[in-house]
Amino acid sequence: MKKLIAHLEREVPNSLYLAFFRVFLCFHLLKKVILLAPSGSLLYGADSFVRHEDGSFLGIPLDVFRSHYDLLIPVYVFLIGLFLFGIGRNLTALILYVVFRLFQEMTGVVSNGGTTCWPSSCCTSSLPTATVILLSDRGSLPYREKWTIF
Amino acid sequence: MLKNILYAGILAVFALYWTATLLYCTPTNPARIELNGYMESFGKLFYQRWTFFTPPPKANERIFFQYVNARDSTDRFTVEVLKDINTERKKNPIFNVSQEVLEDIVLHHAYGLNNSLVAHRELIRRAFPDSSERFLNAETFGFLTDSVAWPASFKTLRNYAGIVFAKRNPHVRTSGYKFKIALVSVPIVPFRHRHEADYKVAESLLFETPLASLPAL
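Here goes a summary of the coordinates provided. (Residues numbered from 1 in each chain as written. Chains lettered and ligands numbered in written order. Predicted model: local features only at pLDDT ≥ 70, side-chain atom pairs only at ≥ 80, totals over all residues. Heavy atoms only, no water.)

1. Digging into the overall build of chain A
Okay, step 1: Summing up its helical and strand segments, chain A has seven helices and three strands in all.
Okay, step 2: Its helices and strands in sequence order give chain A the pattern α-α-α-β-β-α-α-α-β-α, from N to C terminus.
Okay, step 3: Once local pairs closer than 6 in sequence are excluded, the contacts in chain A between residues at least 24 apart make up 61%.
Okay, step 4: For chain A, the accessible area works out to roughly 10000 Å², and carbon and sulfur atoms hold 65% of it. (Helix = DSSP H or I, 4+ residues; strand = E, 2+ residues; numbered from the N terminus. Contact = heavy atoms within 4.5 Å. Areas by Shrake-Rupley, 256 points an atom, 1.4 Å probe, with all protein chains shown as cover.)

2. Description of helix H1 (residues 2-25) of chain B
Okay, step 1: Between its first and last C-alpha, H1(B) extends 35 Å over 24 residues, near the 34 Å set by a 1.5 Å rise per residue.
Okay, step 2: Of the surrounding elements, those touching the buried residues of H1(B) are helix H2 (30-34) and helix H3 (36-46) of chain B. (Expected span 1.5 Å × (residues − 1).)

3. So, the packing of aromatic side chains
Okay, step 1: The tally for this structure, following the rule as stated, stands at 21 aromatic pairs over all chains.
Okay, step 2: Here the aromatic rings of Tyr76(A) and Phe103(A) are separated by 4.7 Å at their centres, their planes lie at 15°, and the arrangement is stacked. Pair noted here: Tyr76(A) is in helix H5 (residues 69-84) and Phe103(A) is in helix H6 (residues 89-106), with a separation of 27 residues, a long-range link. Accessibility classification places Tyr76(A) together with Phe103(A) in one group, the buried group.
Okay, step 3: With 5.5 Å between their ring centres and 40° between their planes, Phe14(B) and Trp18(B) make a pair best called tilted. (Phe/Tyr/Trp six-rings, centres within 6.5 Å; stacked < 30°, edge-to-face > 60°. Buried < 20%, exposed > 50% of the residue type's maximum accessible area, 1.4 Å probe, protein only.)

4. A look at the packing of H5(A) against H6(A)
All names here are of chain A.
Okay, step 1: The geometry of H5 relative to H6 is characterised by a closest axis approach of 10 Å and an angle of 145° between their N-to-C directions. Note on packing geometry: the crossing formed by H5 with H6 is left-handed. Contact residues: H5 offers Tyr69, Leu72, Ile73, Tyr76, Leu79, Ile80, Leu82 and Phe83, while H6 offers Thr92, Ala93, Ile95, Leu96, Val99, Phe100, Leu102, Phe103 and Met106.
Okay, step 2: Along the lines of polarity and charge, the residues of the contact of H5 with H6 split into 16 nonpolar, one polar and no charged. (Axes fitted to C-alpha atoms, helices over the stretch in contact; angles between N-to-C directions. Left-handed = near helix turned anticlockwise from the far one by under 90°. Nonpolar A, V, L, I, M, F, W, Y, C, P; charged D, E, K, R; others polar.)

See below:
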């Protein structure tokens, strides 16, 4: 085991595949940015109907970042480009990670895979007053027809 | 030579493990029934289920906005919000990220409102441990009647309710109407009953907010 660790400390075999993974990661991030950018005004814009919970990132209120999302997106794309070509090495990777986390915090309302909990699933509670309304045939929506007291 | 035998042995153990895992996770089939005894032993040591990591959804949610004229309660209508978004989404598959984002926003805030209500009820229950269920149920929605205390989730859904109203009634002012939000859970028909057209499902009303004013647009 000592020999193996010593060998790995000297050289990393198959390190070429790390570069492949880095390039894959960059294309994945770019795809996300390109797809989400047109919804920027809806997600972060001041005139959007979305109201966000108060929050901060590195001590700065998230609203400050949201109000400058149009500047942040090009910065994010630029960092992805640097990372894609391996410019800046570990420093670029670190800054890109920080910006990635920032966008995750800013875009908390959009599910990023596997994080959504439904009230009727196991990980989110529902009110004890939640009641079965009635049995319905498939496809129909009886609640639509059911009006409670006004 | 010894090294090669060792590598082949390790590979064989892993191959056996992967095969057993695949067989163990498959639905009931003749091979699995035949090896049921072995599968039970395997399960005792290496229990696993895909559902262990990702429980499958048991129900679909429906978000209803119900609008009523503030002066005439017979003038009212209901909109199932997600259905409308879904219809738009199907019109332009693949390039429908904006509808996907909108759906995520609405769902996220509906779940958020549900969680706020659950948390608020728990707060009241702790503050007044001797209170009756009736009192708790009445007070749970109390904070939604005061606009200062509205959580972000309710504010967002209220704003969206105003947009939906304006889309359907472009010439009517929102100030004349009130609205409420209902979250309804519709169980997914079990796979084995998928062909039964008359299979009944029990809808659950998760919450229904008190009437509130619509935002001015």
